[in-house]
Amino acid sequence: MDYDTLRCEIDQRILTITLNRPDKLNALTDTMLRELDDAFSQAEADDAIHVIILTGAGRGFCPGQDLAAALAQAASGALRYGEHLRGLYNPLILRMRRLPKIIIGAINGVAAGAGMSLALACDLRIAAESASFMQAFVKVGLVPDSGSSWLLPRLVGPARALELMLSGRRVSAQEALTLGIVNEVTPDTDLMRRAVELASELANGPTVTIDYIKSAVEFALDHTLAEALDKEAELQDLAGQTADHIEGISAFLEKRLPQFRGK
Ligand code: LHQ
């Protein structure tokens, strides 16, 4: 995985994708969006990758769409935003949500606009103490996009989501923890160590089942209880046929730690 705007490293079944335009706090360009989509697509196909960490180089996570590029496109009339979103952002967000592997956002700095959406599209978020979150769209006269209108209310409830969207204010990592936007906050210097520790736990777990758990929650969020019960039964049927399930029960009965193999 060799890219212009990303750094990708694979170690111990963990792929770390680092957004890499630190001078612009990793603002999203068309190239970066295409490269991100490609990296996630390759991660999906690669059996050697069990968990993905998404982070940013330098002091920012991602401040959203590169506004200079957006202005150039808008001024030239070359591309309407709707077309831009449908062509590049929306497929990426859907790919992340549908990817049968856990994505951990290691939020190292400010996540604003579509950069916050990108953070929200991860399955779990660990934030550095100095990280922050902004629904910055309103500040530039735009509506929340790239999934924010769907993802944020589900995390914090509609009233809090609206308040953040209407004010565009900056939310600290600590407040994000209280609101339920992030799972945990670490000292800045500990962020990647903790993200890798969590990723390792997951990568060494029953990964097939872990992927089913992700898809069960994703499914339940926009289906009825009856449909979710049926989905649980379908997925439990599959989980019950994995070698890791047999290993989990055997380890319990033999009073030892399980050795999961992701099968
Ligand atoms: C940037 C950006 C940026 C370019 C910092 N672009 N350069 C819209 C259109 C189409 C389709 C898709 O979706 C969207 C939705 C969006 O995502 S709209 C964008 C929403 N985001 C924003 O409005 C955030 C804009 N950025 C800021 O408000 C600030 O930069 C924050 C609060 C994030 C950080 O502030 P500071 O820590 O004070 O850093 P800074 O402002 O000095 O930025 C550092 C550099 O990064 C600077 O470049 P320079 O060459 O002057 O040093 C900024 O221009 C650049 N940068 N965000 N989105």
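Cut-offs used in this document
- Residues numbered from 1 in each chain as written.
- Predicted model: local features only at pLDDT ≥ 70, side-chain atom pairs only at ≥ 80, totals over all residues.
- Heavy atoms only, no water.
- Salt bridge = Lys/Arg side-chain N within 4 Å of Asp/Glu carboxyl O.
- Helix = DSSP H or I, 4+ residues; strand = E, 2+ residues; numbered from the N terminus.
- Buried < 20%, exposed > 50% of the residue type's maximum accessible area, 1.4 Å probe, protein only.
- Expected span 1.5 Å × (residues − 1).
- Arc of directions from axis to C-beta.
- Contact = heavy atoms within 4.5 Å.
- Domains from an automatic or database assignment.
- Polar contact = N/O pair within 3.5 Å; in protein donor to acceptor, adjacent residues only side chain to side chain.

Q: Teacher, can you tell me more about the pattern of salt bridges here?
A: Proximity of charged atoms lets side chains of opposite charge pair with each other. What the rule picks out here adds up to 16 salt bridges. Residue Glu 184 is joined to Arg 194 by a salt bridge in which the shortest nitrogen-to-oxygen separation is 2.7 Å. Note that Glu 184 is positioned in strand 10 (residues 184–186) and Arg 194 in helix 8 (residues 191–203), a separation of 10 residues in sequence. Glu 247 is the salt-bridge partner of Arg 256, the closest N and O atoms lying 2.7 Å from each other. Given the relative accessible area of 34%, Arg 256 is considered partly exposed.

Q: Looking at this structure, I do not really get helix 10 (residues 225–239). What am I missing?
A: Look at helix 10: 20 Å from first C-alpha to last across 15 residues, which is about the 21 Å you get at 1.5 Å a residue. Among the residues of helix 10, those classed as buried are Ala 228, Lys 231, Leu 235 and Ala 239. Taken down its axis, helix 10 places every buried residue within 75° of arc, on the same side. Across from the buried face of helix 10, at angles greater than 90 degrees, the exposed residues are Ala 226, Asp 230, Gln 236 and Asp 237. Those residues of helix 10 that are buried lie in contact with helix 9 (207–220) and helix 11 (243–253).

Q: Would you take a moment to explain the domain arrangement of the protein for this structure?
A: Accessible area lost upon the coming together of the parts is a frequently used measure of interface size. Taken as a whole, the protein is organised into domain 1 (6–203) and domain 2 (207–253). Computed from C-alpha atoms alone, the centre-to-centre distance between domain 1 and domain 2 is 27 Å. Taken residue by residue, the interface counts 13 residues in domain 1 and 7 residues in domain 2. The tally of links between domain 1 and domain 2 comes to 2 salt bridges. We note a salt bridge from Arg 97 to Glu 218, for which the minimum N-O separation is 2.8 Å. Viewed at the interface, domain 2 and domain 1 are joined by 5 residue pairs in polar contact (both at pLDDT 80 or more).

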